[in-house]
Amino acid sequence: MDGEDGDDFGHGARREPIFLMPPMIMALIALPIAIVAMRSFLGPSADETFVYTFGFVPARYGALDEIGLWPGGIGAAVWTFLTHAFLHEGWAHVLINAAMFAALARPVSARLGTARFSAFLLFATVCGALGHLAVAWGSIAPMIGASGTVSGLLGALLRFVFAGPWARTPSVVESLGEPRVRGAVTALVLANVVLVFFGSGLVGGEGGGIAWGAHLGGFLAGFLGLSLFEPDHRAR
């Protein structure tokens, strides 16, 4: 009987996957973790060059004739709008962001589809960098971490999480009319205030500080811009 039960279990029953994350999301989680591991083998000078080459440095844009003098040259003035999200300040920073990314990315990805979700991530990440640039203009400290991207995912999720799974996405005004959305936005603002004044570098990325401008830019991109990436029958 034991043998028959085992055979039914192995061949007749459908096994659920251990990980329910789409491969793209798993890859986007694995890459920053791999980069943290790789950086542990770099010496101080090489690691600093690496961070300034791929981290987002507001001072890079202060004088156009000096952009090429920074590590990475002119190219870094473009790619760091995205690559900063893959660098982190250590294991605590990357694991916190990875956990939040994993929790938020799956429902947004399921709603948008892979192609639209990819475009949305690029949009939220760039807007996070622009938000940091606006509030930290001239700073020479590199901003690293996926907090802007994660904030964008949170903003997007709040637009539809309280609607039905197949319902159209509420408009921005309708979303703000939902008390739970207003509560979440208020909690997010208060959390950032607390982190700015009392936090460490766990979820920031600017020399141990909190890149609240990136949080704000990413969140606004997600909350206000989600409809740009949704299928027509869901957008409003």
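Residues numbered from 1 in each chain as written. Predicted model: local features only at pLDDT ≥ 70, side-chain atom pairs only at ≥ 80, totals over all residues. Heavy atoms only, no water.

A. A look at the nonpolar core. Core analysis: the biggest nonpolar cluster contains 20 residues, and F101, V108, L112, F117, F120 and L153 have the highest contact counts within it. For this core, the secondary-structure elements that each account for two or more residues are helix 2 (23-39), helix 5 (91-112), helix 6 (114-135) and helix 7 (147-160). Counting residues per element, this core draws most heavily on helix 5, at seven residues. Counting ten residues, the second-largest nonpolar core is a separate cluster that includes I67, A77, F81 and A129. (Core = buried A, V, L, I, M, F, W, Y, C linked by side-chain atoms within 4.5 Å. Buried < 20%, exposed > 50% of the residue type's maximum accessible area, 1.4 Å probe, protein only. Helix = DSSP H or I, 4+ residues; strand = E, 2+ residues; numbered from the N terminus.)

B. Expanded view of the confidence of the model for the protein chain. In the predicted model, the protein chain carries a mean pLDDT of 85, and the fraction of residues at 70 or more is 85%. Counting contacts from residues 1-14, a segment whose pLDDT is below 50, to residues more than four positions away or on other chains yields four contacts. Every residue in residues 200-208 scores below 50 in pLDDT, and together they form 35 contacts with partners more than four places removed in sequence or on other chains. (pLDDT = per-residue confidence, 0-100. Contact = heavy atoms within 4.5 Å.)

C. Examining the packing of aromatic side chains more closely. Counted under the stated rule, the structure contains nine aromatic pairs. With 5.0 Å between their ring centres and 50 degrees between their planes, F50 and F54 make a pair best called tilted. Of this pair, F50 and F54 both sit in helix 3 (residues 44-54), four residues apart, which is roughly one turn of that helix. The exposure class of F50 is buried, given its relative accessible area of 18%. Residue F54 is classed as partly exposed on the basis of its relative accessible area of 28%. Ring centres of F120 and F229 lie 5.7 Å apart, and the angle between their planes is 85 degrees; on these two criteria the pair is classed as edge-to-face. Remark: F229 occurs in the segment after helix 10 (212-225) and F120 occurs in helix 6; sequence separation between them is 109 residues. Every member of this aromatic cluster is reached through a ring pair, and the members are F50, F54 and W79. (Phe/Tyr/Trp six-rings, centres within 6.5 Å; stacked < 30°, edge-to-face > 60°.)

D. Fine view of a nonpolar patch on the surface. A cluster of nonpolar residues, V135, V189, V193, V196, F197, W212, L216, L220 and L224, forms a patch on the protein surface that exposes about 820 Å² of accessible area. Those elements that provide at least two residues to the nonpolar patch are helix 9 (179-198) and helix 10. With respect to the element layout, V193 can be found in helix 9. (Patch = residues over 30% accessible without salt bridge, like charges linked within 9 Å, V, L, I, M, F, W, Y side chains within 5 Å. Areas by Shrake-Rupley, 256 points an atom, 1.4 Å probe, with all protein chains shown as cover. Salt bridge = Lys/Arg side-chain N within 4 Å of Asp/Glu carboxyl O.)

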